[in-house]
Amino acid sequence: MNAPTVKPAVRTTCPYCGVGCGVIARPDGFGGAEVQGDGEHPANFGRLCSKGSALGETLSLDGRLLYPAIRDVQGACVRTTWETALDRVAQGFRDTIARHGPDSVAFYVSGQLLTEDYYVANKLMKGFIGSANIETNSRLCMASSVAGHKRAFGADTVPGCYDDLDCADLLILTGSNAAWCHPVLYQRMVKNRTERGAKIVVIDPRRTATAEDADLVLTLTPGTDTVLFAGLLSRLAASGPLDRGYITEHTEGYSEALARARRIAPDVETVAAQCGLASHDVETFYAWFAATEKTVTLYSQGVNQSAQGTDKVNAIINCHLATGRIGRPGMGPFSLTGQPNAMGGREVGGLANQLAAHMGFEDVARDRVQRFWKSPVIAAREGLKAVELFDQVATGRIKALWVMATNPVVSLPRADAVGAALSKLDLLVVSDVVERTDTIAAGAHVLLPAAAWGEKDGTVTNSERRISRQRAFMAPPGDAKPDWWIVGEVAKRMGYADAFNFQSAAEIFDEHARLSAFENDGARDFDLGGLTGLSPSAYSDLAPVQWPVRTGTKTGVTRLFTAGGYFTGNGRARFVAVEEPALAVRCSPQFPLLLNTGRVRDQWHTMTRTGKSPRLGAHIEEPFVELAPADARAFGLTDGGLARVTSIHGNATLRVRINDGQQPGSVFAPIHWTGQTSSNARIGALVQPATDPYSGQPELKATPVAVSPVTFGYEGFVVSRRALDAVASAYWVRVSIGGGTGYRVACDTHPERLAVSFAGPIAPGAETVEFSDLAHGVYRSASLVDGRLETCCFLARDRQSLPDWSWIKDLLAADALDVPTRRMLLAGEAPDGATETGPVVCACFGVGERELRGLIEKGDAATVDEVGARCRAGTNCGSCRPEIKRMIASVASRLPEPV
């Protein structure tokens, strides 16, 4: 075989969270790449989290959508040409608009798109179709921050930067499990604490991994963040340190905001009672904030994903405005963005209530954008926000919908109702990189193969306003194309060729930059005037830069509002009188617990990328529901058992985790699993649809649910060299493993029948061996071809009798099994030399729980750093360090007292 052609290393940007880490990718010539952190990128200085470190494992073509397809009358998706597919989309939108008007069509896009993709889609919908019905899944994660920024600052402006995390003396994390969700930034905070003595305060209803390094943890009652920060404003006014000069010169509305704060939270005792906290902890938090000028308050989904999310954001900002702690080193409110390009989407108008370049729908802005685009029409008003958009799909107001790079049948509230609504559309178009999603299964009429990370070229903007390049280092497979190309080709077929004749991402970026600077005299925050007119090579080489980049300079602005200068009509920041908080929904005897949703450490969104990596799947293999011990006892649940979680909208079957850090009365479940990776674990199907009145962001942290135990006759697992299409088990979860695919299963089916259904048709000459002792509730079988393990099924009535499957997964990737190994396999015992790792704790280096416990229990490592020195665990991204720390503490608590 000829040696592969190895291409040079390429600097690009990670496609996961909003930290925007720089990545160096070295293509291997076989369709893969070696990935490492970019030591010169100012977002991460070479560090990557577990997900970023595993990017090279996610580049396979398994499950890729490679060719355009159209669904035929029998319901099958049939491959077609780009010409036919694009004509079908353009004609469908033209016909729908002609019959029902421009507001009968909509785009639902994603923070996974590059800025250039976003720009073209927004331009087509708002400037040429003439509707503002383009909405992004960023509505689900960042809309409350946007609304809070606009109310306070007059624009969606993040004032600070990552450097502030290094020099702050007090770091407040509220509604953010940064240790798992933004680990690269979190380790900067921990380093500041270790080296400079900064204090960390964590505010969250759950005691998460982030709390392990905190100096103060406030596990407040869900939904009471506004009370806590209103109380802080009251306290600051009563005993300082207010910056009255800053308030007078640069703000307005202080008196009204303070009066409201005093009504909501007049004293520490009231705050403590409403928030479910000890008075001395509240007092400590307030005293630390009052005494520490260099304070950064970081917030994320726990604040944003709320029916009062915008007020929570403004309650935080109020405290920083009152103390003048904004726009200077080491201080300010800081929104941690959820997606890689949520901010880039906001810049171009990807949200339905934005026009473009941070402009709204005022007459002067509409006229300005229309003149710049030379468009025949411009959207007259804001469009439909995410939840209401899909409500209008259900009612039939929306007739044609284009979904790009997202999966609303999994991620939106009332996800089952969303799927049912999509099936009613006259035209459902899906652009994606994968061929099977829950949204496609809802009845997509046209499938369009999009280029994936590593194949597409453009820019993204991270949480600190830093624009970075995503660069291609692989050719798109099959017929896959960039999203901007796909949208542009449809626009041409709709009659708008002159306005969409883009030949490259560089041309689109230039138009985007020119629009940002068009008639911008400094009154608008978003300005890329200094980046207009870049040559193709200059765009290709563009270094990471923070906006605004004013005309005449190539240098961005690191911090904003250092001396006021807000983007309001009078240049003053606005204090906001927040409303007294109230849960959008309340528990009842039928649904006595409150469901909180979120992410786990090593998975991303709906796992279309991270789900391909065996090491990322080895930390948490199954969807779960986490409860406090008292709630588990009350509802008859056992740790490791199965439970059905039910709301008024749907249900899910999940593995039970009992955790002392979970607050009684509430439960937690992660969002990642779909109908493609599990039998019944789509958490969006349970979530209620209440939204914030200002941002339209849905409440994803508070849905009343009931939890009850579920039992099956048998539980077990299946490993297979190939993915299995038909899963007959009542409960199943699919996970990637080395050499194939693994399934966790549970059923009441006779185990032999289940094993046969999993084995399915295998190669001629396959040998099947089995062990069956149904009297004791044990069944094991394996199929081998030429001595190599093809499939293996282990079932037992008592799940505790099942072996650790880590050594069985290793056998799947091995060469032919000898006779003794086969016997050991059926005996359920690991052969000599096999290792039982248990769940992986350190995904970066594949270190399992059993190895770590062995080191700690033998006394070979007594600190996290000593563990790292022995086995490297915790020495890369650091996201496993809290778990290692807990293991050390657990072992230490069992040791006898010294004599």
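Presented here is a report on the structure given in the accompanying data block. (Residues numbered from 1 in each chain as written. Predicted model: local features only at pLDDT ≥ 70, side-chain atom pairs only at ≥ 80, totals over all residues. Heavy atoms only, no water.)

Remarks on the overall build of the protein
A count of helices and strands for the protein gives 31 helices and 34 strands. Taken over C-alpha atoms, the radius of gyration comes to 27 Å for the protein, in line with the 29 Å a tight globule of 899 residues would show. Counting only C-alpha atoms and orienting by the principal axes, one finds that the protein spans roughly 80 × 75 × 55 Å. A buried classification covers 62% of the 899 residues belonging to the protein. In the protein, the proportion of contacts linking residues at least 24 apart, taken out of those at least 6 apart, comes to 71%. Total accessible area computed for the protein in this model is approximately 31,500 Å², and 50% of it derives from carbon and sulfur atoms. Mean positive and mean negative side-chain charge positions of the protein (92 and 98 charges, respectively) differ by 2 Å. (Helix = DSSP H or I, 4+ residues; strand = E, 2+ residues; numbered from the N terminus. Rg over C-alpha atoms; globule rule 2.2 N^0.38 Å. Buried < 20%, exposed > 50% of the residue type's maximum accessible area, 1.4 Å probe, protein only. Contact = heavy atoms within 4.5 Å. Areas by Shrake-Rupley, 256 points an atom, 1.4 Å probe, with all protein chains shown as cover. Lys, Arg positive; Asp, Glu negative; His and termini not counted. Charge placed at Lys NZ, Arg CZ, Asp CG, Glu CD.)

With respect to the pairing of strand β15 (residues 427-432)
Burial runs high along β15: six of the six residues are buried. Here β15 shows no split at all, with Leu-427, Val-429 and Ser-431 on one side and Leu-428, Val-430 and Asp-432 on the other all buried. Where strand β14 (residues 400-404) lies against β15, five bridges are found, and the strand directions are parallel. When the bridges of β15 are listed, Ala-400 appears paired with Leu-427. Pairing of β15 with strand β16 (residues 446-449) involves four bridges; the strand directions are parallel. (Pairing = 2+ DSSP bridges.)

A look at the sheet that holds strand β9 (residues 199-203)
The parallel open sheet is built from five strands, whose spatial order is β10-β9-β8-β12-β13. Strands at the two margins of the open sheet, each flanked by one partner only, are β10 (216-218) and β13 (332-335). Within this sheet the neighbouring strands show an average axis-to-axis angle of 15 degrees, counted without direction. Along the sheet face, helix α14 (residues 309-323) touches β8 (170-174), β12 (295-299) and β13 and points at about 175 degrees away from the line of β12. (Axes fitted to C-alpha atoms, helices over the stretch in contact; angles between N-to-C directions.)

Observations concerning the state of the cysteines
For the coordinates displayed, the defined rule picks out zero disulfides. Sulfur of Cys-17: no disulfide; nearest cysteine sulfur belongs to Cys-21 and is 6.2 Å away. The exposure class assigned to Cys-17 is buried, which follows from its relative accessible area of 13%. With no disulfide of its own, Cys-161 lies 7.5 Å from the sulfur of Cys-167, the closest cysteine sulfur. Overall, Cys-161 belongs to the buried group, its relative accessible area being 1%. (Disulfide = S-S within 2.5 Å.)

Quick word on the side chain of Thr-461
Position of Thr-461 among the secondary structure elements: in strand β17 (residues 458-461). Looking at Thr-461, the relative accessible area reads 1%, which means it is buried. Within the local environment of Thr-461, its side chain forms a polar contact with the side chain of Glu-347, the two groups lying 3.1 Å apart. In this structure Thr-461 touches Thr-115, Pro-340, Asn-341, Met-343, Gly-344, Glu-347, Arg-466, Ile-467 and Trp-547, once residues within four positions along its chain are discounted. (Polar contact = N/O pair within 3.5 Å; in protein donor to acceptor, adjacent residues only side chain to side chain.)

Here's the deal with helix α8 (residues 225-239)
Taking 1.5 Å per residue as the helical rise, α8 with its 15 residues ought to reach 21 Å, and the 21 Å between its terminal C-alpha atoms agrees with that figure. What α8 keeps buried is the set Asp-225, Thr-226, Val-227, Leu-228, Phe-229, Ala-230, Gly-231, Leu-232, Leu-233, Ser-234, Leu-236 and Ala-237. Positioned one or two residues after α8, Gly-240 has a phi angle of 80 degrees, which is positive. (Expected span 1.5 Å × (residues − 1).)

Considerations on helix α11 (residues 268-275)
For α11, every residue scored as buried is listed here: Val-268, Val-271, Ala-272 and Cys-275. Buried residues of α11 fall within an arc of 95 degrees about the axis and therefore sit on the same side. Turned more than 90 degrees from where α11 packs its buried face, Glu-269 and Ala-273 sit exposed. Those residues of α11 that are buried lie in contact with α8 and α12 (279-291). Positive phi shows up at Gly-276, right after α11, with a value of about 70 degrees. (Arc of directions from axis to C-beta.)

Re the side chain of Asp-510
When you line up the elements, Asp-510 lands in helix α22 (residues 505-517). On the basis of relative accessible area, Asp-510 is assigned to the buried category, the value being 19%.

A short note on the packing of aromatic side chains
Tallied over the full model, the rule gives 25 aromatic pairs. Between Tyr-108 and Phe-390 the ring centres are 5.1 Å apart and the planes differ by 90 degrees, which places this aromatic pair in the edge-to-face class. In this pair, Tyr-108 is assigned in strand β6 (residues 105-109) and Phe-390 in helix α17 (residues 386-395), connecting sequence segments 282 residues apart. A residue is classified by how much of its surface remains accessible, and Tyr-108, at 0% relative accessible area, is buried. Ring pairs connect the aromatic residues Phe-128, Tyr-496, Phe-500 and Phe-502, which therefore count as one cluster. The cationic tip of Lys-123 hangs over the ring face of Phe-500; the distance from NZ or CZ to the ring centre is 5.1 Å. (Phe/Tyr/Trp six-rings, centres within 6.5 Å; stacked < 30°, edge-to-face > 60°. Lys NZ or Arg CZ within 6 Å of the ring centre and 35° of its normal.)

Description of the environment of Ala-272
Structurally, the position occupied by Ala-272 is in helix α11. Each C-alpha atom, one on Ala-272 and one on Gly-231, is 9.6 Å from the other, the two residues being 41 residues apart in sequence.

Observations regarding the pairing of strand β30 (residues 767-773)
Here seven bridges tie β30 to strand β31 (residues 778-785), and the two strands are oriented antiparallel to one another. From the neighbouring strand, Val-769 faces β31, where its bridge partner is Ala-782. The loop that links β30 with its antiparallel partner β31 comprises four residues; one of these, Gly-777, has a positive phi angle of about 75 degrees.

A short note on the sheet that holds strand β18 (residues 466-470)
Spatial strand order, β17-β18-β19: three strands in an open sheet with antiparallel pairing. Each end of this open sheet is capped by a strand with a single partner; those strands are β17 and β19 (545-546). As paired strands, β18 and β19 are joined by two bridges and run antiparallel to one another. Within β19, the residue paired with Arg-466 across the bridge is Gln-546.

Side note on the packing of α17 against helix α19 (residues 415-422)
At a minimum axis separation of 8 Å, α17 and α19 run at an interaxial angle of 45 degrees. In this view, α17 runs oblique relative to α19, as classed from their interaxial angle. Judged by the twist between their axes, the crossing of α17 over α19 is left-handed. Counting all contacts with α17, which are made through Phe-390, Val-393 and Ala-394, the residues of α19 involved are Val-418, Ala-421 and Leu-422. Counted by class, the contact of α17 with α19 contains six nonpolar, no polar and no charged residues. (Parallel < 35°, antiparallel > 145°, perpendicular 65-115°, else oblique. Left-handed = near helix turned anticlockwise from the far one by under 90°. Nonpolar A, V, L, I, M, F, W, Y, C, P; charged D, E, K, R; others polar.)

Section: the nonpolar core
In terms of nonpolar packing, the biggest core is built from 141 residues, with Phe-93, Phe-107 and Trp-402 touching the most fellow members. Filtering out sequence-adjacent residues up to four positions away, Phe-107 remains in contact with Phe-93, Ala-121, Leu-124, Met-125, Ile-129, Asn-133, Ile-134, Glu-135, Leu-389, Leu-401, Trp-402 and Met-404. Core analysis: the next-biggest nonpolar cluster, separate from the first, contains 55 residues, Ile-172, Leu-258, Val-282 and Ile-326 among them. (Core = buried A, V, L, I, M, F, W, Y, C linked by side-chain atoms within 4.5 Å.)

Everything listed here is a matter of coordinates, which is why it stays silent on function.
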